[in-house]
Amino acid sequence: HTFLQHLALDQAGGETALRSEARRLAQERVLSAAEVAALDFAALERFWTSTIGQAIRAEAANVRRELPFTARFSPEELDRLVKPAPGAEAGGEFVIVQGVADLVVLRPEEIWLLDFKTDEVAPDAVAVKTDFYRPQLEFYARALERIFSQPVTRRWLHFLACGETVELQPTAGLSPVR
């Protein structure tokens, strides 16, 4: 995550440029030698040269990484995002959700949201992990919509270990902010 947070997007193309960026970040003491050694440059190149990676790089001026946020959700909203606990009563309360979005593209009329996952996920387990992370990404999207008064129109999970990117559709029953 640290490499992805500090990577200069104009250097996010080929493997040679990515390796050069890793060396730069190590020289600046942003990354340790062990962190550089752990990077899968081929997988990083595949992401940043993919259609999604290229679209994000083209929006470099609008990209925010490790964007912290805080948002308030009603119990009814939470119930639509996740299954409520049996016997749980809302009682007019609310829940505060805090998080840090890995990568957000704040376009003039819309928001894109990407979350990098570092789990060791095999390609045949991506669907299960996607279902697991879906509520998290939906919380993030809803929070960003409230904060910036714009819809989150694109939502992606990128599983670094297997190099797969999954685009998620908004949760049914929740209308985007317009």
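Caption draft 1: Expanded view of the nonpolar core. In terms of nonpolar packing, the biggest core is built from 24 residues, with Val104, Leu113, Leu144 and Phe159 touching the most fellow members. For this core, the element with the most residues is helix 7 (residues 126-148), which contributes 8 residues. In this structure, Val104 is in contact with Asn62, Val63, Arg64, Leu67, Ile111, Trp112, Leu113 and Leu144, ignoring residues within four places of it in sequence. Within the second largest apolar cluster, 23 residues are counted, among which are Phe3, Leu7, Ile52 and Leu160.

Caption draft 2: Region of the structure containing the layout of surface pockets. Looking at the largest pocket, its volume works out to about 380 Å³. Ala38, Leu39, Asp40, Thr118 and Leu160 are, among the 15 residues lining the largest pocket, the residues nearest its centre. Breaking the lining of the largest pocket down by element, the ones donating at least two residues are helix 1 (2-6), helix 3 (33-38) and helix 4 (41-48). Considering every element that reaches the lining of the largest pocket, the biggest residue donor is helix 1, with 3 residues. Grouping the constituent residues of the lining of the largest pocket by class yields 9 nonpolar, 3 polar and 3 charged.

Caption draft 3: Structural context of the environment of Ile111. Turning to its location among the elements, Ile111 is positioned in strand 3 (residues 111-117). Each C-alpha atom of the pair Ile111 and Pro151 lies 6.1 Å from the other, and the pair is 40 residues apart in sequence. Those residues in contact with Ile111, other than ones at most four positions away along the chain, are Val104, Val105, Leu106, Leu144, Phe148, Gln150, Pro151, Val152, Thr153 and Arg154.

Caption draft 4: Layout of empty space enclosed by the protein. A full pass over the atoms with the stated rule returns 1 cavity of 30 Å³ or more. Estimated volume of the largest cavity: approximately 40 Å³. Elements with a contribution of two residues or more to the lining of the largest cavity: helix 1, strand 1 (63-73) and strand 2 (95-106). Considered class by class, the residues forming the lining of the largest cavity number 3 nonpolar, 2 polar and 3 charged.

Caption draft 5: Structural detail: the packing of helix 2 (residues 15-27) against helix 4. Where helix 2 meets helix 4, the closest approach of the two axes is 9 Å, and the angle between their N-to-C directions is 115 degrees. For the element pair helix 2 and helix 4, the recorded crossing hand is right-handed. Every residue of helix 4 that contacts helix 2 at Glu15, Leu18, Arg19 and Ala22 is listed here: Phe41, Ala42, Leu44, Glu45 and Trp48. Taken together, the residues that form the contact of helix 2 with helix 4 break down as 6 nonpolar, no polar and 3 charged.

Reading the values: rules and limits
- Residues numbered from 1 in each chain as written.
- Predicted model: local features only at pLDDT ≥ 70, side-chain atom pairs only at ≥ 80, totals over all residues.
- Heavy atoms only, no water.
- Core = buried A, V, L, I, M, F, W, Y, C linked by side-chain atoms within 4.5 Å.
- Buried < 20%, exposed > 50% of the residue type's maximum accessible area, 1.4 Å probe, protein only.
- Helix = DSSP H or I, 4+ residues; strand = E, 2+ residues; numbered from the N terminus.
- Contact = heavy atoms within 4.5 Å.
- 1 Å grid on protein atoms, 1.4 Å probe; cavity = no way out; pocket = protein on both sides within 12 Å on 5 of 7 lines; lining within 4 Å.
- Points joined across faces, edges and corners; volume = space filled by probe spheres on them.
- Nonpolar A, V, L, I, M, F, W, Y, C, P; charged D, E, K, R; others polar.
- Axes fitted to C-alpha atoms, helices over the stretch in contact; angles between N-to-C directions.
- Left-handed = near helix turned anticlockwise from the far one by under 90°.

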